[in-house]
Amino acid sequence: MVTQKPVLDIRGLSGGYGKLRVVDGVDMTISENEAIGLIGRNGSGKTTLLKIIMGLLPAQTGSISIAGEDLSRKGAWTRCPRGIGYVPQGRLVFPRLSVEDNLALGATSVKGKISDSYESVYELFPVLHAIRTRRAGALSGGQQQILAIGRALMSKPKLLILDEPTEGIQPSIIIEIAESLKRLSRESGVALLVVEQRLDFLNRVADHAHIMDRGSIVERLPFDELSRSPELQQKYLGV
Ligand SMILES: Nc1ncnc2c1ncn2[C@@H]1O[C@H](COP(=O)(O)OP(=O)(O)O)[C@@H](O)[C@H]1O
Ligand SMILES: [Mg+2]
């Protein structure tokens, strides 16, 4: 029997900015089909953790393995070809380029034709097909968010990492995005790591919650346990 390697396995991971340590000793394992919601107050280190995972900030200690390969000392360019898609906080689409060209930029590590990638992204988000010739800068915040997710999916990742995908977008689009991510995980087995403040969004998407406080993961629990616990929500989220 072949035992499947986790898509992402991090051990004792620490890092920050210069000598400042923001993330301290994080362990996390994500396998195919799993969807983890990473939550915690503002400033607890969630974005910093994602940047270290992506190789955008160096790891001060610990290891990051992706599909069994240790990439903790390798740069950001190694992530996409090994199946990690990243949707950064604030979306960062290219405003002067069309939707289609923004999507193409997500496929630079794809060998051969990218028509398959377009097809599966348009199938998941038909709205992107409808607006494919428009400039990204002219789109609503919600459409830009969908574009940023579509762009990350062009390389057909095994793990999609999203940083606050609902920030500043309309409720109707929030639900549409949640449903599409759920479908992606269910039908394509794509693993998800989602940083998000909105528990109603995560409730539709995540099966596990990891709670971050001052740079460390302090709780791991099934998502519905968190939904049912006003005490935990009060303690770590202040809601
Ligand atoms: N570029 C930076 N330089 C120095 N400190 C930073 C930088 N970005 C974030 N920080 C600090 O790191 C801590 C965690 O920030 P961040 O990871 O953005 O938190 P979260 O995403 O959970 O809100 C905060 O105290 C923040 O001030
Ligand atoms: Mg953040």
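Computed from a predicted structure; not experimentally measured. (Residues numbered from 1 in each chain as written. Chains lettered and ligands numbered in written order. Predicted model: local features only at pLDDT ≥ 70, side-chain atom pairs only at ≥ 80, totals over all residues. Heavy atoms only, no water.)

### Regarding the overall build of the chain
Across its full length, the chain holds nine helices and 10 strands. Over its C-alpha trace the chain gives a radius of gyration of 17 Å, about what one expects of a compact globule, namely 18 Å for 239 residues. Reported as C-alpha extents along the three principal axes, the dimensions of the chain are approximately 45 × 45 × 40 Å. If you take every contact in the chain between residues at least 6 apart in sequence, the share linking residues at least 24 apart comes to 68%. (Helix = DSSP H or I, 4+ residues; strand = E, 2+ residues; numbered from the N terminus. Rg over C-alpha atoms; globule rule 2.2 N^0.38 Å. Contact = heavy atoms within 4.5 Å.)

### With respect to unusual backbone geometry
Phi at Asn33 takes a positive value of approximately 75°, unusual for a residue other than glycine. Tracing the chain through its elements places Asn33 in the loop between β2 (20-30) and β3 (35-39). Positive phi, close to 50°, is recorded for Lys156, a residue that is not glycine. The topology assignment puts Lys156 in the loop between α5 (141-153) and β7 (159-163). Lys156 sits in the partly exposed class, given a relative accessible area of 47%. (Buried < 20%, exposed > 50% of the residue type's maximum accessible area, 1.4 Å probe, protein only.)

### Focus: a nonpolar patch on the surface
A contiguous nonpolar surface patch, about 240 Å² in accessible area, is contributed by Phe94, Leu97 and Leu105. For Phe94, the position within the fold is in the loop between β6 (84-87) and α2 (99-105). Residue classification places Phe94 among the partly exposed positions, given a relative accessible area of 41%. (Patch = residues over 30% accessible without salt bridge, like charges linked within 9 Å, V, L, I, M, F, W, Y side chains within 5 Å. Areas by Shrake-Rupley, 256 points an atom, 1.4 Å probe, with all protein chains shown as cover. Salt bridge = Lys/Arg side-chain N within 4 Å of Asp/Glu carboxyl O.)

### Notes on the layout of surface pockets
The calculated volume of the largest pocket comes to roughly 470 Å³. In this structure, the largest pocket is lined by 20 residues; those nearest its centre are Met54, Cys80, Ile84, Tyr86 and Leu105. Secondary structure elements with two or more residues in the lining of the largest pocket: β6 and α5. Considering only residue class, the lining of the largest pocket consists of 13 nonpolar, five polar and two charged. Taken as a whole, the second largest pocket holds about 230 Å³ of empty space. What lines the second largest pocket is Ser120, Val121, Glu123, Leu124, Leu153, Lys156, Pro157, Arg183, Leu184, Glu187, Ser188 and Val190. Within the residue set of the lining of the second largest pocket, elements represented by two or more residues are α3 (115-124) and α6 (171-188). Each residue belonging to the lining of the second largest pocket can be placed in one class, and the counts come to six nonpolar, two polar and four charged. (1 Å grid on protein atoms, 1.4 Å probe; cavity = no way out; pocket = protein on both sides within 12 Å on 5 of 7 lines; lining within 4 Å. Points joined across faces, edges and corners; volume = space filled by probe spheres on them. Nonpolar A, V, L, I, M, F, W, Y, C, P; charged D, E, K, R; others polar.)

### Digging into the coordination of the magnesium ion (ligand 2)
Taken together, Thr47 (OG1) and Gln89 (OE1) make up the protein donors of the magnesium ion (ligand 2), found 2.0 to 2.6 Å from the metal. Here Thr47, found in helix α1 (residues 46-53), pairs with Gln89, found in the loop between β6 and α2; they are 42 residues apart in sequence, far enough to count as distant. Residue Thr47 is classed as partly exposed on the basis of its relative accessible area, which comes to 22%. (Donors = N, O, S within 2.8 Å, 3.2 Å for Na, K, Ca; no water.)

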